[in-house]
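Residue strings, one per chain:
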Amino acid sequence: MDLSTDYMGLALRNPLVASASPLSRTVDGVRRLVDSGVGAVVLFSLFEEQLLREAAQNARLVDAGSESFAESLSYFPAAVEEDPGPRRYLSLLERAAAAVDVPVIASLNGVTPGGWADYAAAMQAAGAAAIELNVYYLPGDPHISGRDVEQRHIDVLMRIKEAVTVPVAVKLSPYFSSTGEMALRLDDAGADGLVLFNRFLQPDIDPETIAVVPAVGLSSPAEARLPRTWIALLRGRVRAALAATTGVDGPADVARYLLAGADVVMTASALLRYGAEHAAVLLDGLSEWMARKGFTAVDQLRGLLSVPASTDQSAHERMGYVSAMREANRGLYGPWRP
Ligand SMILES: Cc1cc2nc3c(=O)[nH]c(=O)nc-3n(C[C@H](O)[C@H](O)[C@H](O)COP(=O)(O)O)c2cc1C
């Protein structure tokens, strides 16, 4: 079975990618994911706030009159211990990239187009095959306009694109007035990949303790419907590669995303729930399904159930994916036959 896949110009052995999660916090963790078969690994995110904190610490050390940064560290052991994030991240990235034979993608999480974004260059130097930019932004100020929120994404992307030559993917939110136009704008601004979608951790309220509590739930397959529909719509309409993230539990979920048009399918919750070894179950199941359906290569099935670019948009606007597919007379009246 030929599962080989192109993702933003990276040649992957298969389309299954380990999405950013705590499973990639150690080199052993990354190795375990790769041994289980994934085609690429996205490391957990390094946050803008961590980089800004480190920059502020560096500035404090310079202000203190130290001759060199390395020497000055010994003067401020507490400050260094406080936030060793960025340098530890680069060290992990370098060791992980050297330890495995699949692309390791670094993840930067930020919302302002500041100097922190230049850190992407250090990530590339440390061996990142690509950068995934997670714009984790919840515009809490009700006065911020939608256009400003969108522009923020473009500005951060452009700043990172200027810093690196490796591909840059943007992991975006589903909460735009016009998600499709946002995708097109990111595409125009040079995004090499779009990762659909960011899954925000939404706090809960505990009525017993009368307190706001963090809710870090794992996903369920039903949540895949929204990103899958957008992938089906965007396929063929953007130059950027499309990565699916959210709701993969079993092999059928991987197949669904590929049929909708995803170039790669990412998974985090399932690997956290069942262990990194679950990647092999997903891949074996995908191959078994492909064989049963008469496919010999993943390229034969990718996008079979995407919405053709020629489809009348008005049919889609009111009735959605199903009516658009009916209009295109695709995939509704029985199984695909090779
Ligand atoms: C515990 C946990 C930690 C995560 N950490 C990150 C992160 O550091 N950066 C990021 O971009 N996404 C992070 N994610 C989001 C996942 O990469 C993924 O996009 C999301 O969980 C949806 O995919 P899933 O349904 O396969 O879990 C995290 C998810 C979980 C559950």
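Everything that follows concerns the structure shown earlier in this document.
These lines cover the structure that appears in this document, whether it is placed above or below. (Residues numbered from 1 in each chain as written. Predicted model: local features only at pLDDT ≥ 70, side-chain atom pairs only at ≥ 80, totals over all residues. Heavy atoms only, no water.)

1. Remarks on the sheet that holds strand S12 (residues 264-267)
Okay, so step 1: Around the barrel, which closes on itself, the eight strands sit in the order S3-S4-S5-S6-S7-S8-S11-S12 with parallel pairing between neighbours. Here the average twist between neighbouring strands, direction ignored, is 25°. (Pairing = 2+ DSSP bridges. Helix = DSSP H or I, 4+ residues; strand = E, 2+ residues; numbered from the N terminus. Axes fitted to C-alpha atoms, helices over the stretch in contact; angles between N-to-C directions.)

2. What about unusual backbone geometry?
With the exception of glycine, the majority of residues adopt a negative phi angle, and the majority of peptide bonds are in the trans configuration.
Okay, so step 1: Residue Phe-197 follows Leu-196 across a cis peptide bond; omega there is -5°.
Okay, so step 2: Looking at the element boundaries, Phe-197 is found in the loop between strand S8 (193-196) and strand S9 (204-206).
Okay, so step 3: The phi dihedral of Met-8 is positive, around 55°, even though this residue is not glycine.
Okay, so step 4: Its location among the elements puts Met-8 in the loop between strand S1 (5-7) and strand S2 (10-12).
Okay, so step 5: Exposure remark for Met-8: the relative accessible area of 12% places this residue in the buried category.
Okay, so step 6: One non-glycine residue, Thr-246, lies in positive phi territory at about 120°.
Okay, so step 7: Counting through the fold element by element, Thr-246 comes out in the loop between strand S11 (241-245) and helix H10 (251-260). (Buried < 20%, exposed > 50% of the residue type's maximum accessible area, 1.4 Å probe, protein only.)

3. Quick look at the nonpolar core
Okay, so step 1: Within the largest apolar cluster, 87 residues are counted, with the highest numbers of intra-cluster contacts made by Met-123, Ile-131, Ile-160 and Leu-194.
Okay, so step 2: Apart from residues no more than four positions distant in its own chain, Ile-160 is found in contact with Leu-108, Ala-117, Ala-120, Ile-131, Leu-133 and Val-168.
Okay, so step 3: Ranked by size, the runner-up nonpolar core spans 15 residues in total, among them Val-17, Val-42, Ala-130 and Ala-243. (Core = buried A, V, L, I, M, F, W, Y, C linked by side-chain atoms within 4.5 Å. Contact = heavy atoms within 4.5 Å.)

4. Section: the environment of Phe-295
Okay, so step 1: In this structure, Phe-295 sits in the loop between helix H12 (278-293) and helix H13 (313-319).
Okay, so step 2: In the structure, Phe-295 is positioned 293 residues away from Asp-2 in sequence and 9.2 Å away in space, judged by C-alpha atoms.

5. Points about the site of the ligand
Okay, so step 1: Among the 17 residues in the neighbourhood of the ligand, the closest are listed as Ala-20, Ser-45, Asn-134, Ser-219 and Ser-269.
Okay, so step 2: Between the ligand and Lys-171, the relevant distance is 2.8 Å, taken from an oxygen atom to a side-chain nitrogen or oxygen of the residue.
Okay, so step 3: In this structure, an oxygen atom belonging to the ligand sits 2.8 Å away from a main-chain N or O atom of Ala-268.
Okay, so step 4: For the ligand, whose free accessible area comes to 610 Å², the fraction covered by protein is 87%.
Okay, so step 5: Partitioned by chemical class, the residues of the shell around the ligand number six nonpolar, nine polar and two charged. (Near = heavy atom within 4 Å. Polar contact = N/O pair within 3.5 Å; in protein donor to acceptor, adjacent residues only side chain to side chain. Areas by Shrake-Rupley, 256 points an atom, 1.4 Å probe, with all protein chains shown as cover. Nonpolar A, V, L, I, M, F, W, Y, C, P; charged D, E, K, R; others polar.)

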